[in-house]
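Residues per chain, in single letters:
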Amino acid sequence: MQIKLDAKLMKAVYGLMVFITSICLLAINDPRQLWLIGLFMLFGAIAHCAAWYLDGMKDISMLLKTSFLLLFSIVFLTNIEALMFSALLFLFWGMLEAATILTQKYESIKAQEGYWFVYAGLICITLLLGFIACFALNGVLLALPILFASLIIIFEYCEQFLPKVSVRIAK
(Lines give C-alpha, C1' and ligand atoms only; values in the text may rest on other atoms or scores of the structure.)
Protein backbone atom coordinates (compact mmCIF):
# COMPACT_ATOMS: atom_id res chain seq x y z
CA MET A 1 0.00 0.00 0.00
CA GLN A 2 1.36 3.34 -1.03
CA ILE A 3 0.18 6.67 0.33
CA LYS A 4 0.80 9.62 -1.92
CA LEU A 5 1.14 12.92 -0.10
CA ASP A 6 -0.75 15.72 -1.76
CA ALA A 7 -2.21 19.04 -0.69
CA LYS A 8 -5.73 17.66 -0.14
CA LEU A 9 -4.45 14.91 2.17
CA MET A 10 -2.43 17.41 4.20
CA LYS A 11 -5.48 19.69 4.46
CA ALA A 12 -7.42 16.69 5.77
CA VAL A 13 -4.67 16.08 8.35
CA TYR A 14 -4.93 19.76 9.26
CA GLY A 15 -8.70 19.32 9.64
CA LEU A 16 -8.11 16.32 11.88
CA MET A 17 -5.76 18.37 14.08
CA VAL A 18 -8.39 21.14 14.28
CA PHE A 19 -10.96 18.50 15.29
CA ILE A 20 -8.66 17.14 18.00
CA THR A 21 -8.00 20.70 19.20
CA SER A 22 -11.74 21.30 19.57
CA ILE A 23 -12.15 18.05 21.50
CA CYS A 24 -9.28 19.07 23.79
CA LEU A 25 -10.91 22.46 24.25
CA LEU A 26 -14.07 20.68 25.39
CA ALA A 27 -12.19 18.35 27.73
CA ILE A 28 -9.55 20.59 29.33
CA ASN A 29 -10.61 22.57 32.38
CA ASP A 30 -7.19 23.14 33.94
CA PRO A 31 -5.15 26.07 32.53
CA ARG A 32 -1.97 24.07 33.18
CA GLN A 33 -2.98 21.71 30.37
CA LEU A 34 -3.10 24.35 27.65
CA TRP A 35 0.12 22.93 26.23
CA LEU A 36 -1.91 20.02 24.84
CA ILE A 37 -4.04 22.40 22.77
CA GLY A 38 -0.85 24.13 21.64
CA LEU A 39 0.68 20.81 20.61
CA PHE A 40 -2.21 19.90 18.31
CA MET A 41 -2.29 23.45 16.97
CA LEU A 42 1.42 23.08 16.17
CA PHE A 43 0.82 19.77 14.37
CA GLY A 44 -2.02 21.44 12.47
CA ALA A 45 0.25 24.35 11.50
CA ILE A 46 2.87 21.91 10.20
CA ALA A 47 0.24 20.01 8.18
CA HIS A 48 -1.18 23.27 6.81
CA CYS A 49 2.32 24.44 5.84
CA ALA A 50 2.94 21.10 4.09
CA ALA A 51 -0.36 21.54 2.19
CA TRP A 52 0.78 25.00 1.13
CA TYR A 53 4.12 23.61 -0.05
CA LEU A 54 2.56 20.66 -1.90
CA ASP A 55 0.03 23.01 -3.52
CA GLY A 56 2.90 24.83 -5.20
CA MET A 57 3.23 27.73 -2.74
CA LYS A 58 0.63 29.72 -4.72
CA ASP A 59 -1.91 30.77 -2.10
CA ILE A 60 -0.48 33.39 0.24
CA SER A 61 -3.58 33.22 2.48
CA MET A 62 -2.65 29.64 3.42
CA LEU A 63 0.79 30.83 4.49
CA LEU A 64 -0.72 33.69 6.48
CA LYS A 65 -3.14 31.35 8.25
CA THR A 66 -0.28 28.95 8.95
CA SER A 67 1.85 31.69 10.49
CA PHE A 68 -0.97 32.83 12.78
CA LEU A 69 -1.65 29.24 13.79
CA LEU A 70 2.04 28.73 14.52
CA LEU A 71 2.12 31.91 16.60
CA PHE A 72 -0.91 30.90 18.68
CA SER A 73 0.41 27.37 19.14
CA ILE A 74 3.61 28.81 20.58
CA VAL A 75 1.55 30.95 22.94
CA PHE A 76 -0.34 27.88 24.15
CA LEU A 77 2.81 25.77 24.37
CA THR A 78 4.50 28.33 26.62
CA ASN A 79 1.44 28.11 28.88
CA ILE A 80 1.07 31.83 29.46
CA GLU A 81 -1.48 32.28 32.22
CA ALA A 82 -2.69 35.68 30.96
CA LEU A 83 -4.66 34.30 28.03
CA MET A 84 -7.69 36.48 28.45
CA PHE A 85 -8.24 36.49 24.72
CA SER A 86 -8.15 32.70 24.28
CA ALA A 87 -11.94 32.35 24.10
CA LEU A 88 -12.22 34.96 21.39
CA LEU A 89 -9.23 33.43 19.60
CA PHE A 90 -11.02 30.11 19.19
CA LEU A 91 -14.20 31.82 18.01
CA PHE A 92 -12.25 33.89 15.51
CA TRP A 93 -10.37 30.82 14.31
CA GLY A 94 -13.53 28.79 13.67
CA MET A 95 -15.29 31.66 11.93
CA LEU A 96 -12.17 32.44 9.87
CA GLU A 97 -11.97 28.83 8.67
CA ALA A 98 -15.62 28.92 7.61
CA ALA A 99 -15.17 32.27 5.86
CA THR A 100 -12.09 31.14 3.92
CA ILE A 101 -13.83 27.97 2.77
CA LEU A 102 -16.85 30.07 1.78
CA THR A 103 -14.63 32.21 -0.44
CA GLN A 104 -13.01 29.10 -1.94
CA LYS A 105 -16.31 27.29 -2.58
CA TYR A 106 -18.44 30.32 -3.48
CA GLU A 107 -18.57 29.54 -7.20
CA SER A 108 -19.59 25.90 -6.66
CA ILE A 109 -22.24 26.94 -4.13
CA LYS A 110 -23.54 29.60 -6.49
CA ALA A 111 -23.60 27.17 -9.43
CA GLN A 112 -25.02 24.39 -7.20
CA GLU A 113 -22.32 21.91 -8.22
CA GLY A 114 -21.26 18.79 -6.35
CA TYR A 115 -21.88 18.77 -2.62
CA TRP A 116 -22.57 22.49 -2.41
CA PHE A 117 -25.42 21.95 0.05
CA VAL A 118 -23.12 20.26 2.58
CA TYR A 119 -20.64 23.12 2.41
CA ALA A 120 -23.39 25.74 2.60
CA GLY A 121 -25.02 24.04 5.59
CA LEU A 122 -21.80 23.51 7.55
CA ILE A 123 -20.59 27.05 6.84
CA CYS A 124 -23.92 28.51 8.00
CA ILE A 125 -23.89 26.39 11.17
CA THR A 126 -20.29 27.35 11.92
CA LEU A 127 -20.86 31.07 11.45
CA LEU A 128 -24.13 30.98 13.41
CA LEU A 129 -22.58 29.09 16.33
CA GLY A 130 -19.60 31.46 16.30
CA PHE A 131 -21.92 34.46 16.43
CA ILE A 132 -23.97 32.98 19.27
CA ALA A 133 -20.84 31.97 21.18
CA CYS A 134 -19.56 35.56 21.05
CA PHE A 135 -22.29 36.43 23.53
CA ALA A 136 -22.15 33.28 25.69
CA LEU A 137 -18.38 32.61 25.96
CA ASN A 138 -18.59 29.25 27.72
CA GLY A 139 -16.61 26.08 26.97
CA VAL A 140 -19.01 24.05 24.84
CA LEU A 141 -20.06 26.94 22.63
CA LEU A 142 -16.43 27.92 22.11
CA ALA A 143 -15.50 24.51 20.77
CA LEU A 144 -18.52 23.96 18.49
CA PRO A 145 -17.57 26.46 15.75
CA ILE A 146 -14.09 24.93 15.54
CA LEU A 147 -15.60 21.45 15.52
CA PHE A 148 -17.88 22.26 12.58
CA ALA A 149 -15.05 24.08 10.77
CA SER A 150 -12.91 20.96 11.09
CA LEU A 151 -15.73 18.89 9.60
CA ILE A 152 -15.78 21.25 6.60
CA ILE A 153 -12.02 20.87 6.13
CA ILE A 154 -12.16 17.07 6.41
CA PHE A 155 -15.19 16.85 4.09
CA GLU A 156 -13.23 18.68 1.41
CA TYR A 157 -10.90 15.68 1.25
CA CYS A 158 -13.61 13.03 1.65
CA GLU A 159 -15.70 14.53 -1.15
CA GLN A 160 -13.50 12.90 -3.79
CA PHE A 161 -14.50 9.44 -2.54
CA LEU A 162 -18.24 10.09 -2.57
CA PRO A 163 -20.47 9.46 -5.60
CA LYS A 164 -21.31 12.46 -7.75
CA VAL A 165 -24.57 14.10 -6.69
CA SER A 166 -26.62 16.77 -8.40
CA VAL A 167 -29.03 18.68 -6.16
CA ARG A 168 -30.54 21.81 -7.64
CA ILE A 169 -32.97 24.31 -6.18
CA ALA A 170 -35.86 24.97 -8.55
CA LYS A 171 -36.35 28.59 -9.50
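## A closer look at the packing of helix H3 (residues 60-77) against helix H4 (residues 86-111)
- Two numbers describe how H3 lies on H4: the axes approach to 13 Å, and their chain directions differ by 160 degrees. Between H3 and H4, the angle is such that the two are roughly antiparallel. Crossing angle aside, the handedness with which H3 passes H4 is left-handed. Judged by residue contacts, Lys65, Leu69, Phe72 and Phe76 of H3 engage Ser86, Leu89, Phe90, Trp93, Glu97 and Thr100 from H4.
- By residue class, the composition of the contact of H3 with H4 is six nonpolar, two polar and two charged.

## Some points on the packing of aromatic side chains
- Summed over all chains, the structure comprises eight aromatic pairs.
- Note on Phe40 and Phe43: the rings are 6.3 Å apart at their centroids and 75 degrees apart in plane angle, and the pair reads as edge-to-face. On the criterion of helical spacing, the pair formed by Phe40 and Phe43 is a turn pair, its members being three residues apart in helix H2 (residues 34-54).
- On the basis of relative accessibility, which here comes to 18%, the residue Phe40 falls in the buried class.

## What about empty space enclosed by the protein?
- Summed over the entire model, instances satisfying the criterion amount to one cavity of 30 Å³ or more.
- The calculated volume of the largest cavity comes to roughly 130 Å³.
- If you trace the largest cavity, you find it lined by Lys11, Tyr14, His48, Ser61, Met62, Lys65, Glu97, Thr100, Ile101, Gln104, Ile153 and Glu156.
- Among the elements of the structure, helix H1 (7-27), H3, H4 and helix H6 (139-158) are those that each provide at least two residues to the lining of the largest cavity.
- With four residues, the single largest contributor to the lining of the largest cavity is H4.

Reading the values: the criteria
- Residues numbered from 1 in each chain as written.
- Predicted model: local features only at pLDDT ≥ 70, side-chain atom pairs only at ≥ 80, totals over all residues.
- Heavy atoms only, no water.
- Axes fitted to C-alpha atoms, helices over the stretch in contact; angles between N-to-C directions.
- Helix = DSSP H or I, 4+ residues; strand = E, 2+ residues; numbered from the N terminus.
- Parallel < 35°, antiparallel > 145°, perpendicular 65-115°, else oblique.
- Left-handed = near helix turned anticlockwise from the far one by under 90°.
- Contact = heavy atoms within 4.5 Å.
- Nonpolar A, V, L, I, M, F, W, Y, C, P; charged D, E, K, R; others polar.
- Phe/Tyr/Trp six-rings, centres within 6.5 Å; stacked < 30°, edge-to-face > 60°.
- Buried < 20%, exposed > 50% of the residue type's maximum accessible area, 1.4 Å probe, protein only.
- 1 Å grid on protein atoms, 1.4 Å probe; cavity = no way out; pocket = protein on both sides within 12 Å on 5 of 7 lines; lining within 4 Å.
- Points joined across faces, edges and corners; volume = space filled by probe spheres on them.

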